[in-house]
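One letter stands for each residue in the lines below.
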Amino acid sequence: MDNKREILLNPGPVTLSKSVREALQKPDLCHREKDFADMTLDSLQKISHIYETENTHIPVMLTGSGTAAVEAMLQSFSSSTVKSLIVANGVYGERMASMLTRQKKPFDIIKGNWTDPLDLQQTKEHLEKSKYSAVLTVHHETTTGRLNDISALSELAEHFHVPVMLDAVSSFGSEDISFKNLMAVAATGNKCLHGIPGISFVLAEKKLLEEGTTESVSLYLDLFEYYTAQKSGFSPFTQSVQALYALQAALNEFFALGGLSARKQLYVQRKKQVLTILEKHGIQTLINKSDFSSYLTSYFLPQNISKGYEALHNSLKEKGYTIYAGQGNFSGKIFRIAVMGDIYESEMNNLILHLDTFFGAQA
Ligand SMILES: *Cc1c(COP(=O)(O)O)cnc(C)c1O
């Protein structure tokens, strides 16, 4: 076993596999060369294959982290005249409101409690009362680890003839997504797909891209520009060539291992290992166990740990494992453990031992 590996248990970026790391060493390549275009087209095809969206949605690729994809989606597709409705229950939903504010686009927001499910009752009341151009929400709210029920929200919106735009940055590649009534879905290469940070993409409905009526208020984040250039494999600006090499290798690995369901199954198995040992030590989850995504769980920090989160974090970091703190109101109150990325079975077993030892010593 390679003892020098750093195992990332934060919700992205992830511990890289050998083949992804090796892909970063490939020869230098200009983004105006045919080899680059071939690689882009190949990666786009593979991305389309993950959820078999070939006939309905087109992935539009850009350089930037997941936030770039979300911001590009909102600024390219949300209406500047008819309000959007944001349904939020965490940091990432609320961030969409900050984006629309900066874009000077009209919206209403339903700001739910961070530990609650999406508020469908309030959503229904809003949809009955006002006219909206789109419903905007987050699939996996990484703040808590909750996997939101997008099918229920989407069906409700569809009843009012309103399409949905989804931030699926932390669920794309590990959670089921029904694309019905989804006009656009933002995702990234460096979370569940196991690439490096730097390439993200938005899957948009074909007809939306083909109509090409842009609401864009940014040049760099205009997805219509990327879509046009991408038809022949190119991009309006320099793409992160090495990040794309990495993504291509990561996608090959994704399918070699059996695709979406295989990845999800592996995550669930690792997540259960962590849950089991923490429950043994009486540690409580922040929300119901059945509400978590396949790979992220958040736990209340036990009150008896002197030096709190730092003590737990530093103790694990010393052993080569990086866990994640709570954000915003949850800072100092919870900790989060994500189990995506390339983690060997032996490394998972060692993690369990370290957790057992740490919490055993607190008793
Ligand atoms: C991680 C994340 C983002 C932002 O991605 P970055 O790569 O950090 O820019 C957006 N939305 C959700 C739900 C996320 O988990």
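Structure's up top.
The paragraphs below set out a description of the structure included in this document. Bear in mind that the values here come from a model prediction, so they are computed numbers and not experimental data.

1. Brief notes about the packing of aromatic side chains
Part 1 of the argument: Counted according to the given criterion, the structure contains 13 aromatic pairs.
Part 2 of the argument: Considering the side-chain rings of Phe 335 and Phe 359, the 6.2 Å spacing of their centres and the 25 degrees angle between planes classify their relative orientation as stacked. Here the residue Phe 335 occupies a position in strand β14 (residues 334-338), and Phe 359 occupies one in helix α12 (residues 345-362), the gap between them amounting to 24 residues. Residues Phe 335 and Phe 359 agree in their burial class; the two are buried.
Part 3 of the argument: In textbook terms, an aromatic cluster arises when at least three aromatic residues are bridged by ring pairs, as seen for Tyr 51, Phe 172, Phe 179 and Phe 201.
Part 4 of the argument: Positioned above the aromatic ring of Tyr 344 is the side chain of Arg 5, whose terminal nitrogen or guanidinium carbon lies 3.8 Å from the ring centre.
Part 5 of the argument: One residue, Lys 191, lies across the ring of Tyr 92, its end atom 6.0 Å from the ring centre.

2. Quick word on the site of the ligand
Part 1 of the argument: Taken together, Ser 65, Gly 66, Thr 67, Tyr 92, Val 138, His 140, Thr 142, Asp 167, Val 169, Ser 170 and Lys 191 make up the full set of residues adjacent to the ligand.
Part 2 of the argument: Between the ligand and Asp 167 there is a distance of 2.7 Å, counted from a nitrogen atom to a side-chain nitrogen or oxygen.
Part 3 of the argument: Out of a free accessible area of 380 Å², the ligand has 86% covered by protein chains.
Part 4 of the argument: When the residues that make up the shell around the ligand are grouped by side-chain class, the tally is three nonpolar, six polar and two charged.

3. A closer look at the nonpolar core
Part 1 of the argument: Val 135 and Phe 172 are the most contacted members of the largest nonpolar core, which has 48 residues in total.
Part 2 of the argument: Put simply, the parts of the chain that give this core at least two residues each are α1 (18-23), α2 (34-50), β3 (84-88), α6 (150-159), β8 (164-167), β9 (182-188), β10 (199-205) and α9 (241-256).
Part 3 of the argument: In terms of residue count, the dominant contributor to this core is α9 (ten residues).
Part 4 of the argument: Core analysis: the next-biggest nonpolar cluster, separate from the first, contains 41 residues, Met 73, Val 91, Leu 100 and Leu 136 among them.

The rules we used
Residues numbered from 1 in each chain as written. Predicted model: local features only at pLDDT ≥ 70, side-chain atom pairs only at ≥ 80, totals over all residues. Heavy atoms only, no water. Phe/Tyr/Trp six-rings, centres within 6.5 Å; stacked < 30°, edge-to-face > 60°. Helix = DSSP H or I, 4+ residues; strand = E, 2+ residues; numbered from the N terminus. Buried < 20%, exposed > 50% of the residue type's maximum accessible area, 1.4 Å probe, protein only. Lys NZ or Arg CZ within 6 Å of the ring centre and 35° of its normal. Near = heavy atom within 4 Å. Polar contact = N/O pair within 3.5 Å; in protein donor to acceptor, adjacent residues only side chain to side chain. Areas by Shrake-Rupley, 256 points an atom, 1.4 Å probe, with all protein chains shown as cover. Nonpolar A, V, L, I, M, F, W, Y, C, P; charged D, E, K, R; others polar. Core = buried A, V, L, I, M, F, W, Y, C linked by side-chain atoms within 4.5 Å.

Just geometry here; none of it tells us what the structure is for.
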